[in-house]
Amino acid sequence: MKLPTNGVAKDIRHFSGALLVFFLIVGILIYLSKFSIPDKNAQIVNTLIGMIAASVAMVIATITGRNPDDLEEAKKKIQGLENRVEALVSQKDSLEGMLIKSQSETIERLTLLAAVDHDKRYKCKEENCKCK
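What counts as what
- Residues numbered from 1 in each chain as written.
- Predicted model: local features only at pLDDT ≥ 70, side-chain atom pairs only at ≥ 80, totals over all residues.
- Heavy atoms only, no water.
- Helix = DSSP H or I, 4+ residues; strand = E, 2+ residues; numbered from the N terminus.
- Areas by Shrake-Rupley, 256 points an atom, 1.4 Å probe, with all protein chains shown as cover.
- Patch = residues over 30% accessible without salt bridge, like charges linked within 9 Å, V, L, I, M, F, W, Y side chains within 5 Å.
- Salt bridge = Lys/Arg side-chain N within 4 Å of Asp/Glu carboxyl O.
- Lys, Arg positive; Asp, Glu negative; His and termini not counted.
- Charge placed at Lys NZ, Arg CZ, Asp CG, Glu CD.
- Buried < 20%, exposed > 50% of the residue type's maximum accessible area, 1.4 Å probe, protein only.
- Expected span 1.5 Å × (residues − 1).
- pLDDT = per-residue confidence, 0-100.

S.K.: Help me understand the overall build of the protein, please; the structure alone is not making it clear to me.
M.R.: Along the backbone of the protein there are four helices and zero strands. If you list the helices and strands of the protein from N to C, you get α-α-α-α. When the accessible surface of the protein is split by element, carbon and sulfur atoms take 63% of a total near 11900 Å².

S.K.: Please explain a negative patch on the surface as it appears in this structure.
M.R.: A surface patch of like charges, here negative, comprises D11, D69, D70, E72 and E73. It is helix 4 (residues 68-121) that provides the largest number of residues to the negative patch, a total of four residues. Residue classification places E72 among the partly exposed residues on the basis of a relative accessible area of 43%.

S.K.: Before we go on, may I ask you to explain helix 1 (residues 8-34) in this structure?
M.R.: Spacing of three or four residues puts side chains on the same side of an α-helix, whose turn is 3.6 residues. Taking 1.5 Å of rise per residue, 27 residues should cover 39 Å, and helix 1 covers 39 Å from first to last C-alpha, within 8% of that figure. Of the positions making up helix 1, those classed as buried are A9, A18 and I25.

S.K.: Explain the pattern of salt bridges here, please?
M.R.: Once the charged atoms of two side chains with opposite charge are near each other, the side chains can pair. Applying the stated rule across the entire model yields two salt bridges. K92 is paired through a salt bridge with D93; the nearest N and O atoms lie 3.2 Å apart. For D93, a relative accessible area of 41% gives the class partly exposed. Where E96 meets K92, a salt bridge forms, and the shortest distance between an N and an O atom there is 3.4 Å. Of this pair, E96 and K92 both sit in helix 4, separated by four residues, roughly a single helical turn.

S.K.: Can you help me understand the confidence of the model for the protein in this one?
M.R.: The predicted structure's coordinates, where accompanied by low pLDDT, should not be read in detail. A residue-level look at the protein finds 80% of positions with pLDDT of 70 or above and a mean pLDDT of 79. When pLDDT is averaged over each helix and strand of the protein, the minimum, 72, is found for helix 3 (residues 56-64) and the maximum, 88, for helix 4.

S.K.: What exactly am I supposed to notice about a nonpolar patch on the surface here?
M.R.: A cluster of nonpolar residues, F22, F23, V26 and I30, forms a patch on the protein surface that exposes about 370 Å² of accessible area. Classification of V26 as partly exposed rests on a relative accessible area of 31%.

Take a look at the structure:
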C-alpha cells in the first residue's frame with residue numbers, strides 16, 4: 001500500500017494517533033469508575049493519568065483539524081506578503097515621483113522652447129525680417 005506524499009499521510013497519522021489517545025483517556029476513565037486503584041500504585045497512576053490528560057488539548061486540536069504548525073506557517077506567509085506589499089507601495093511611490101518630475105521637466109522645456117520660438121518670430125515686426 002502506497003501512502004500519499006503530499007502531507008495527507010501525515011495528517012492521517014496525526015488524526016489516528018489523536019483518536020487513539022482520546023479513546024485511551026476515555027477507557028482509563030471508564031476503568032477508574034468501575035475499579036479502585038491500590039494505594040501503593042496510586043501516585044504512579046495519578047502521574048500517568050495527569051500526563052495523558054495534559055495532552056487532551058493537543059489531541060482535540062488534532063482531531064478537529066487545527067495544527068499549530070500550520071498556523072505559524074500561515075503567519076510567516078502573511079508577514080512575507082505584507083512586506084512585499086510595503087515594498088511594492090514604496091516602489092510605486094518612487095515611480096510616481098519620477099513621473100511627476102519628468103512631466104514637470106518636460107513642461108518646463110516645452111514652455112521655454114515655445115517662449116524662445118515666440119521671441120524669435122516676433123522680435124521684429126517687419127514682414128521680411130532677417131532675424132527670423
